[in-house]
Amino acid sequence: MDCNSKKPMLGFSPELFEERRKKVFSKLDNSVLLLSSGSVKKKSRDIEIPFRPDSDFFYLTGLCEPECVALLRPNGSDGDLILFVPARDMDKEIWIGERMGPSEIKEQFGATEVYERHQLDQYLPSLLSDVDKIYFRIGSDRHVQDLVLSSISSAHLPKTRGSGRLEGILEPGYLLDEMRLFKDAEELDHIRKAALITSESFEEMVTYCRPGAGEWELEAALEFGFRRRGASGAAYPTIVGSGANSCVLHYSDNARRMGEGDLVLVDGGAEYNLYAGDMTRTFPVSGTFSSIQKAVYEIVAGAYKCAIEHLEPGVTLADIHQKTVGNLADGLLDLGVLEGSTEEILEKGSYKTFFPHQTSHWLGLDVHDVGDYVKEGSSRVLEPGMVLTVEPGLYFPPSTKTLEDFFCIGVRIEDDFLITDNGCELMTSPLPVSAEEVESLMGA
Ligand code: GLY
Ligand code: MN
Ligand code: MN
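Residues numbered from 1 in each chain as written. Chains lettered and ligands numbered in written order. Predicted model: local features only at pLDDT ≥ 70, side-chain atom pairs only at ≥ 80, totals over all residues. Heavy atoms only, no water.

Asks: So what's going on with the coordination of the manganese ion (ligand 3)? Which residues, and what values?
Replies: Distances from the manganese ion (ligand 3) to its protein donors, Asp267 (OD), Asp267 (OD), Asp278 (OD) and Glu414 (OE), fall at 2.0 to 2.5 Å. Between consecutive donor residues of the manganese ion (ligand 3), the sequence gaps follow D-x10-D-x135-E. Taken as a pair, the manganese ion (ligand 3) and the manganese ion (ligand 2) lie 3.2 Å from each other and share Asp278 as a ligand. With Asp278 in the loop between strand 13 (275-276) and strand 14 (279-284) and Glu414 in the loop between strand 19 (409-412) and strand 20 (415-419), this residue pair connects regions lying 136 residues apart in the sequence. With relative accessibility at 3%, the residue Asp278 sits in the buried group. (Donors = N, O, S within 2.8 Å, 3.2 Å for Na, K, Ca; no water. Helix = DSSP H or I, 4+ residues; strand = E, 2+ residues; numbered from the N terminus. Buried < 20%, exposed > 50% of the residue type's maximum accessible area, 1.4 Å probe, protein only.)

See below:
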């Protein structure tokens, strides 16, 4: 559950990380991959924000400690994992608890070699000499970056007339994004758990929704549900937007009291063993939708249902988005918000005033997970093992000046899906989507 070095790999099997590294080794040729776990950030003077490791670093090592560096390099038919980890600090451990030292980490994490972090300066230059490419994310770790730059200028520049010329420093995503896009069975179990915790907590949170309650109360109720069910917390800042705030896509102040007759849009997701859930529902604060809120809500619910009916292998992300915007455009015409024909609206993109985002994103270790949305110039074809959200919405912020009747209506409905061999699996547990079901959930 929590990212504690005494619970290595968060319950994942060590073979999983080994298998992933094998795939990377087979793609490395004469190159190396260098990843930092990240540093502890400060909230205020000497107060630290709970640490979460870099997703790529965790994906290949299973290690959740700050200030670690992993170097992967091919070696014969296999490869080496060389780790640099902080030395044990007994004074610090009085405050933060026991940590693993290099020898324990070497044994538990299947590393070829584990050094103390301060030895990086000594070893990294020779580890980087004579390699063709260095996969390293610029900006991810200033100390490592400085070392990489000084190493390559001393180790590679003199050889620019002969062999041993460095071809470049490349983004690790070239090696890892495509692997991470296709989830394995263990990852899927963790995403299912994150999604289940998320939806169960949503159901519980609804009971706190009433006029006069603060948006922050729904945030607290939702996140209490996450923690109570064993999640490490929220995967991203919880969005509780009522009234005009429902139209702010990533609103997270959650500082307004909800009023009679408002809508409230709640977008939250639990993080379970570093994997994210991501769900949105929109509720009428008083328990029933006004007729105009209901009309907008039902258009979004219709777009959601149409999109998920088409979610299966072979379909592209663009197909799903087109189904969604087609529905939304028809709805905007019916409401009298837009004029002309569906085709004109789609061609001009005039629906974007009210639906400015995409229908889906990948989901995994990162909420907006890695993976190309376009491949060889075309929209990505869905394949089994991909996990994504479906999240249509319509938003009428007060800045949409001509539409006073619709002011402050913001609606989004979002769930998480796994593409299976012949369709899709809803990963969040079913929570009402239709307006009637939402009203009866509120009543209950
Ligand atoms: N919560 C961010 C998103 O739904 O994409
Ligand atoms: Mn989302
Ligand atoms: Mn969301």
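Asks: Give me the lowdown on the pairing of strand 5 (residues 78-85), citing residues and values where you can.
Replies: With seven of eight residues buried, strand 5 is to be regarded as a mostly interior element. Here seven bridges tie strand 4 (residues 69-75) to strand 5, and the two strands are oriented antiparallel to one another. Bridging across to strand 5, Ala70 finds its partner in Leu83. The hairpin turn running from strand 4 into strand 5, its antiparallel successor, is two residues long, and Gly76 in that turn takes a positive phi close to 60°. Sheet topology note: the strand 5/strand 6 (residues 113-116) ladder contains four bridges and is parallel. Bridge pairing in strand 6 links Leu83 to Val114. (Pairing = 2+ DSSP bridges.)

Asks: I'd like a description of the site of ligand 1, backed by residues and values.
Replies: What surrounds ligand 1 is the set Tyr236, His250, Asp267, Asp278, His361, His368, Glu391 and Glu414. His361 is positioned such that a nitrogen or oxygen atom in its side chain is 3.0 Å from an oxygen atom of ligand 1. Here Glu391 contributes a side-chain N or O atom positioned 3.1 Å from an oxygen atom of ligand 1. About the coverage of ligand 1: the protein hides 94% of its 200 Å² of free accessible area. Residues of the shell around ligand 1, tallied by class, amount to one nonpolar, three polar and four charged. (Near = heavy atom within 4 Å. Polar contact = N/O pair within 3.5 Å; in protein donor to acceptor, adjacent residues only side chain to side chain. Areas by Shrake-Rupley, 256 points an atom, 1.4 Å probe, with all protein chains shown as cover. Nonpolar A, V, L, I, M, F, W, Y, C, P; charged D, E, K, R; others polar.)

Asks: Please set out the environment of Thr198 residue by residue, giving values where relevant.
Replies: With respect to the element layout, Thr198 can be found in helix 8 (residues 185-205). Here Thr198 falls in the buried class, since its relative accessible area comes to 0%. Distance in space between the C-alpha atoms of Thr198 and Met279 is 7.1 Å, their sequence separation being 81 residues. Dropping the residues within four chain positions of it, Thr198 is found in contact with Phe226, Gly268, Gly269, Ala270, Gly277 and Met279. (Contact = heavy atoms within 4.5 Å.)

Asks: Could you give me a rundown of the sheet that holds strand 10 (residues 239-242), with the residues and numbers involved?
Replies: In a beta sheet, neighbouring strands are held together by backbone hydrogen bonds and run either parallel or antiparallel to one another. On the basis of which strands lie adjacent, the open sheet formed by three strands has the order 10-11-14 and antiparallel pairing. Every other strand in the sheet has two partners, leaving strand 10 and strand 14 as the edge strands with one partner each. Ignoring which end each strand starts from, the neighbouring axes of this sheet average 10° apart. (Axes fitted to C-alpha atoms, helices over the stretch in contact; angles between N-to-C directions.)

Asks: Break down the pattern of salt bridges for me, citing the residues and quoting the values.
Replies: Taken as a whole and judged by the stated rule, the model has 31 salt bridges. A salt bridge links Arg73 to Asp80, with the nearest nitrogen and oxygen atoms 2.9 Å apart. Since its relative accessible area comes to 7%, Asp80 is described here as buried. The residue Arg412 makes a salt bridge to Asp267 at a minimum N-O spacing of 2.9 Å. Here Arg412, found in strand 19, pairs with Asp267, found in strand 11 (residues 263-268); they are 145 residues apart in sequence, far enough to count as distant. The burial state of Arg412 is the same as that of Asp267; both residues are buried. Each of Asp54, Asp56, Arg137, Glu171, Arg180, Lys183, Asp366 and Asp369 takes part in one network of salt bridges that share partners. (Salt bridge = Lys/Arg side-chain N within 4 Å of Asp/Glu carboxyl O.)

Asks: Hey, could you go over the environment of Arg256 for me, with residue numbers and the actual values?
Replies: Within the secondary structure, Arg256 sits in the loop between strand 10 and strand 11. With relative accessibility at 29%, the residue Arg256 sits in the partly exposed group. In this structure, Arg256 is in contact with Ala213, Gly214, Glu215, Trp216, Ser242, Gly243, Asn245, Tyr251 and Asp262, ignoring residues within four places of it in sequence. Reaching out from Arg256, the side chain makes a polar contact with the side chain of Asp262 at a distance of 2.8 Å.

Asks: Explain the packing of helix 8 against helix 9 (residues 215-228) residue by residue, including any values.
Replies: Put simply, helix 8 and helix 9 touch, their axes get as near as 8 Å, and they point 140° apart. When the interaxial angle is binned, helix 8 and helix 9 end up oblique. The handedness of the crossing between helix 8 and helix 9 is right-handed. Contacts from Ile197, Thr198, Ser201, Phe202, Glu204 and Met205 of helix 8 reach helix 9 at Leu218, Ala221, Leu222, Gly225, Phe226 and Arg228. In the contact of helix 8 with helix 9, the residues fall into seven nonpolar, three polar and two charged. (Parallel < 35°, antiparallel > 145°, perpendicular 65-115°, else oblique. Left-handed = near helix turned anticlockwise from the far one by under 90°.)

Asks: Outline the sheet that holds strand 20, supporting the account with residue identities and numerical values.
Replies: Reading across from one edge, 17-20-21 is the order of the three strands in this open sheet, with antiparallel pairing throughout. Strand pairing shows two members of the sheet lacking a second neighbour, strand 17 (387-390) and strand 21 (424-426), which therefore form its edges. Neighbouring strand axes in the sheet, compared pairwise and without regard to direction, differ in orientation by 35° on average. In the sheet, strand 20 pairs with strand 21 via three bridges, with the strands oriented antiparallel. Residue pairing in the sheet places Ile419 in a bridge with Cys424 of strand 21. The strands touched by helix 8 are strand 17, strand 20 and strand 21; relative to strand 20, the strand with the most contacts, the crossing angle is about 160°.

Asks: Summarise the coordination of the manganese ion (ligand 2); cite the residues concerned and give the values.
Replies: Ligation of the manganese ion (ligand 2) by protein atoms is provided by Asp278 (OD), His361 (NE2), Glu391 (OE) and Glu414 (OE), these donors lying 2.0 to 2.2 Å from the ion. One can describe the donor arrangement at the manganese ion (ligand 2) as irregular, given that its six donor atoms subtend angles of 50 to 152° at the metal. For the manganese ion (ligand 2), all donor residues lie on one chain, and their spacing in sequence is D-x82-H-x29-E-x22-E. (Tetrahedral: all angles 85-135°; square planar, octahedral: opposite > 155°, others 65-115°.)

Asks: Outline the pairing of strand 17, listing residues and values.
Replies: Neither face of strand 17 is exposed, since Val387 and Thr389 on one face and Leu388 and Val390 on the opposite face are all buried. In this sheet, strand 20 lies alongside strand 17 in antiparallel orientation, the contact comprising four bridges. In the strand pairing of strand 20, Val390 is matched with Asp415.

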